[in-house]
Amino acid sequence: MNDENWMQLALSLAKKAEQQNEVPIGAILVMDGECIAEGWNQPISTNDTTAHAEIMALRAASERLQNYRLPGTTLYVTLEPCVMCAGALIHARVARVVFGATDPKAGAAGSVFELLGTDKLNHKIEITCGVMKDECASLLTSFFQRRRK
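Below: a short report on this structure. (Residues numbered from 1 in each chain as written. Predicted model: local features only at pLDDT ≥ 70, side-chain atom pairs only at ≥ 80, totals over all residues. Heavy atoms only, no water.)

### Things to note about the overall build of the protein
- If you tally the helices and strands in the protein, you get five helices and five strands.
- Reading the secondary structure of the protein in the N-to-C direction produces α-β-β-α-α-β-α-β-β-α.
- For 149 residues, the compact-globule estimate of 2.2 N^0.38 gives 15 Å, and the C-alpha radius of gyration of the protein, at 14 Å, lies within 12% of that figure.
- Taken across its 149 residues, the protein has 48% of its residues classed as buried. (Helix = DSSP H or I, 4+ residues; strand = E, 2+ residues; numbered from the N terminus. Rg over C-alpha atoms; globule rule 2.2 N^0.38 Å. Buried < 20%, exposed > 50% of the residue type's maximum accessible area, 1.4 Å probe, protein only.)

### Some words on the layout of surface pockets
- Roughly 490 Å³ of volume is contained in the largest pocket.
- Tallying contributions element by element places helix H5 (residues 133–148) first for the lining of the largest pocket, with six residues.
- Of the residues belonging to the lining of the largest pocket, the class tally is twelve nonpolar, five polar and five charged. (1 Å grid on protein atoms, 1.4 Å probe; cavity = no way out; pocket = protein on both sides within 12 Å on 5 of 7 lines; lining within 4 Å. Points joined across faces, edges and corners; volume = space filled by probe spheres on them. Nonpolar A, V, L, I, M, F, W, Y, C, P; charged D, E, K, R; others polar.)

### Here's the deal with unusual backbone geometry
- Its identity is not glycine, yet Gln66 carries a phi of approximately 55 degrees, on the positive side.
- With respect to the secondary-structure elements, Gln66 resides in the loop between helix H3 (53–65) and strand S3 (73–79).
- Unusually for a residue other than glycine, Arg93 sits at a positive phi of about 65 degrees.
- Inspection of the secondary structure puts Arg93 in the loop between helix H4 (83–92) and strand S4 (96–101).

### Description of the environment of Arg59
- Mapped onto the elements, Arg59 comes out in helix H3.
- With 21 residues separating them in the primary sequence, Arg59 and Glu38 have C-alpha atoms 9.3 Å apart.
- Once residues within four sequence positions are removed from consideration, Arg59 is found in contact with Asp48 and Thr50. (Contact = heavy atoms within 4.5 Å.)

### What about the state of the cysteines?
- Overall, the coordinates contain zero disulfides when judged by the stated rule.
- No disulfide involves Cys129; its sulfur sits 12 Å from that of Cys136, the nearest cysteine.
- Of the residues examined, Cys136 reaches a relative accessible area of 1% and is grouped as buried. (Disulfide = S-S within 2.5 Å.)

### Structural notes on the pairing of strand S2 (residues 34–40)
- Across six bridges, the pairing between strand S1 (residues 26–31) and S2 is antiparallel. Its bridge partner lying in S2, Ala27 is registered against Gly39.
- Where S1 folds back onto S2 in an antiparallel hairpin, the turn is made up of two residues, including Asp32, whose phi is positive at roughly 55 degrees. (Pairing = 2+ DSSP bridges.)

Structure representation (structure tokens):
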């Protein structure tokens, strides 16, 4: 599968989050061409501020592989990771992050902060941005428009 196919799966998880009245963000963690974990935003339903889509996917993958390090993996996420998620991705040694929409308020892959690609840390993550960005951004925009009504 290509980046767009994986991102489509991440979008389906974002819609699952939305159905649960969570901010619609979804993530898929892939290793060797296979989805090894999924995650979607769940901080409201779990009363856990760290339950972002990326963190949920990392937790599931670590449990499945029985290892907190996840080298050789690619994370597909519908929104640019925040600082917390970027830190977790670095610690997990994720090789690549592919995201859809940028986050001009809290993005940590170049929009506001540059954590994933920095040379200042002991692990650098390859970044691909803008995959299905219009679909990813539209889902978030429509969600927040409905919430403001």
